[in-house]
Each structure stands twice: as C-alpha cells, then as structure tokens.
Amino acid sequence: MNLLSAAMNTLLKIIQVLMNLLWGDLIYIPLPGGGTIGLSLLVIILIPAGLYFTFRTRFVQIRLFPEMIRVTLEKRSGQKESALSGIQALFVSTATRVGMGNMVGVVAAISAGGAGAVFWMWVTAMIGAATAFVEATLAQIYQEEDPLYGGFRGGPAYYIHKHFCKNKSKKHCVLSVAFALSGLLCWCGISQVISNSVSSSFYNAFEIPPIVTTSILVVLAALIVLRKNTTVKVLDVMVPIMAGTYFILALVIIGMNIELLPSVFKRIFEEAFGIRQVVAGGFGAALMNGVQRGLFSNEAGSGSAPCAAAAAKVSHPAKAGLIQAFGVFIDTIVICTCTAMIMLLAPQDLLSGLSGMSLLQTAMFHHFGQIGVVFTALVLWLFSFSTFIGILYYARSNVAYLFGDSWATQTAYKVLALGMLFIGGLAAYTFVWDLGDIGVGLMTIFNMIAIIPMSSQAIRSLKDYETLKNRK
C-alpha cells in the first residue's frame, strides 16, 4: 500500500511539473510603469510561429477571406461517398473547437482579464488562422486512404512520419508516436471535463441528478461512436444548428441592448490596452488571458483539426487549409464573441463575484429569465456532446497509426473514452483533467516541431493554388 501511495505521489508531482512547464509562466516581461506579463511555453511557441506563418503566406487569412467562404460552400464533386467534403471536415473540426472553451473559457478570460481580453482573443484568432492553414494543408498533402473506414485519413502523426522518418518502410517514427499518444491522452482527459460540466450544468438548471444526465450522455454517445461512419452524419446536422442558434441568440441580445453596444466596444478597446486600468498590470492580465484562452479555444497549432482536414477530398490541398483557417474565425471571432456580448451587455454589478457557468447563467437570466438559464444548459450540452464525438473521430487515425487497422483496437479506445465520460460526470478528478491539458500541450509542441520546417510545402501549395485560380 505504501508503495502504491508513493507511486501515486510521484505521478502527481510529475503531472504538476509538466503542467507548470507547459501552461505556467516561463518568462516574465516587465511593463512600463510596473507590473509584468508572464508568458507560458505554448504562448512563446504559438504566437511567434503564427506571425511567421502570417508573413510567409502574405496574410492569407485576410487576403483570401472571401475565397475561404467560397471553397467552404463549394459543392462535392465526383468522389467516393465515404470521403468527407470540405464543409464536412469543417463541421468535424468546428464540433471540437466550439466547446466549453467558447463558453466557460471566455467567461474565465473576461473574469480574470476584463473586457480587454476579448480584443486579444480576436488578435490571437487572426494569427492562429495562418497556423491552421499551414497544418491543414500539410495534412492534405500527406493524406492516405483509410482501409478500415473508407475515404481518407491523416494528420500530424502521418505527415511527421513521412517527412522525418529516414527509413520510409519503418512502421513508426518516434515523434509521430509521441504526438499520437499525447492526442489519445488529451482526448481521454477532455472526456471527463465534458461530462462533469454537462452534469453540473443540468443539475443547476433542472436539479437532475448527475447519474441520470451522465447515463443519457454516455448512451447517446455510444450509439453514435460505436457505429461505422455515423459521426459525420450527426455532426452535419448538429453543428450548423448549435452554432447558428447560439449566434442568433447573441444577435437578439445585441438587438435588445443596441444602445449599449458602443460603450461595450469602447470598454473592450480601452481595457485591451490598459487605458482604464489603474496600474500597468491590468494590461498584462487582459493580454495574457485573451491570448491563452484564444489559443486553447481555436486549437490552431495543436494538431487536432488536421485529423479532419486529412479526411476531406478536395481538388487542391490549399483548399483544406483555407477551410480550416475559416474554422478559426467561426470559433473565436463569431462564437467566442457571442459569449462575450452576452456577458458584457448584462449589468456588471449583477455579475460581480460570480465565476464560471454561474456567471454566464446569471447573465442569461438577466436577458431572458429562467428560459435563459435552461437554454445555457442545453447549449453547453450540445457543444460538449459534439466535442466528444468529434474528438473520437480525430482519435481513430491516431489509433490506426499506433496499433494498425483493427476494429478491436478502435473499439477498445472508444470504450475507454466512454468510460472516462461516465466517470467524469459523477466526480471531478482534477488530475485526469490535468492529464488532458498536458496532452494538448505536448501535442502542440510535437506538431509545431514538425510544421515550422515543413511550412515551405504549404506555402508552395498556396502559391500553386493562387496561380491556378488566376489562370481561370
């Protein structure tokens, strides 16, 4: 028993060290007038890389924004039914991007960093869109046929292997294995967070016991993820409805409070640069909370979305990159801004002292009464449920890379994730949640190690696409 306890304590210490390394402040930058900005390792990696990709692609996220919309809406043309269209790949990636981070994450960012955090989330999305373009384009370039599910598969584990592995016949590459394992670790951890948030929200809104909410969640998820190629069909319907409904609701709230809108935007921009803060440290809080929540929400650089991008059948690899860059805009510029407006258009004294879902539900109660509280719980359920089935779609290419094309291993991982979903709905095991955060942090590092030197291939693909487009 003492040996088991010692092993557990050692594991917890290792988890804490990794959490501090990945998400804790690694360096501090002094600000004029006092105060500092703390930068985490992931911010140090992702922001400069995003700027690098932005300049290398000549601001693709701005120049080709109309083209992003056009290729996203482009009709499927002569391809096998099991392959995803571009917009279906967008629905899968949006399902995982648009999750609790768009609600709870935005609430946390504004609570800690003020309204100015919203501005820095926008900036992060603009930068991250270039990263999303590069990684999704690479996923398309290195996609391969999927013998188990039909269609195509790929992602970081595959493009890392094909680019870096000197012996092309070698079954595994160390960096690819590291990415795939980190992804599977991350997605199991996220499963627990998802069910815990949903069961808590439903208990607060309806007083439904967690065991009931969790059981229904797990059964519905199992009916979808354990059936072949059902996930995409569900997300095709679910994602437009949930994102569209949330967006329309935010527009209604803005319409009801239109006279307050100028003051809200004034507050966002003033607090973004610390103008209203008494000390310079207010600027640091707004900046870092906005940046870190933006990075976590849109997932650009983490290597998740390329797993969906690789499954799409499009006429040119750059199209997949443009579609996934557009997905970053949907996630952060649209959905995260909706949550921000819901909060910032409510009286600030009403929200004082609140945090998390209680803060958002109180804001919704102000706007719509008890119906608003119920709606928040339902939207969180939709966002969380779509995230779970989306991450299991991501997982299947990584499971296949590690263990080969076997229904047994695919099903085993799905059952494990469903088990974690059930456990998380009944109790909050924070060390498992930390494992999820460590997993996404490691995924990001391993992916960025690959895509920075490989980015020239994505740049060439973009240039080729623009050349072909200009000839038409």
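Residues numbered from 1 in each chain as written. Predicted model: local features only at pLDDT ≥ 70, side-chain atom pairs only at ≥ 80, totals over all residues. Heavy atoms only, no water.

A. Region of interest: the packing of helix α10 (residues 210-225) against helix α18 (residues 370-403). Where α10 meets α18, the closest approach of the two axes is 11 Å, and the angle between their N-to-C directions is 40°. Accordingly, the angle class assigned to the pair α10 and α18 is oblique. Considering only the axes of α10 and α18, their crossing is right-handed. Counted together, Leu217, Leu220, Ala221, Ile224 and Val225 of α10 and Trp381, Phe385, Phe388, Ile389 and Leu392 of α18 form the full contact between these two elements. (Axes fitted to C-alpha atoms, helices over the stretch in contact; angles between N-to-C directions. Helix = DSSP H or I, 4+ residues; strand = E, 2+ residues; numbered from the N terminus. Parallel < 35°, antiparallel > 145°, perpendicular 65-115°, else oblique. Left-handed = near helix turned anticlockwise from the far one by under 90°. Contact = heavy atoms within 4.5 Å.)

B. The arrangement of the packing of helix α2 (residues 41-56) against helix α7 (residues 116-141) in detail. Closest axis-to-axis distance for the α2/α7 pair is 8 Å, and the angle between their directions is 70°. By the angle class used here, α2 and α7 are roughly perpendicular. Like other packed secondary-structure pairs, α2 and α7 cross with a definite hand, here left-handed. Judged by residue contacts, Ile47, Ala49, Gly50, Leu51, Phe53 and Thr54 of α2 engage Thr124, Ile127, Ala130, Thr131 and Val134 from α7. Class assignment for the residues of the contact of α2 with α7 results in 7 nonpolar, 4 polar and no charged. (Nonpolar A, V, L, I, M, F, W, Y, C, P; charged D, E, K, R; others polar.)

C. How the structure looks around a nonpolar patch on the surface. On the surface, Ile211, Val212, Ile216, Val219, Leu220, Leu223, Phe422, Ile423 and Leu426 cluster together into a nonpolar patch covering about 720 Å² of accessible area. Mapped by element, the contributors of at least two residues to the nonpolar patch are α10 and α19 (407-426). Residue contributions to the nonpolar patch peak at 6 residues, all from α10. Inspection of the secondary structure puts Val212 in helix α10. (Patch = residues over 30% accessible without salt bridge, like charges linked within 9 Å, V, L, I, M, F, W, Y side chains within 5 Å. Areas by Shrake-Rupley, 256 points an atom, 1.4 Å probe, with all protein chains shown as cover. Salt bridge = Lys/Arg side-chain N within 4 Å of Asp/Glu carboxyl O.)

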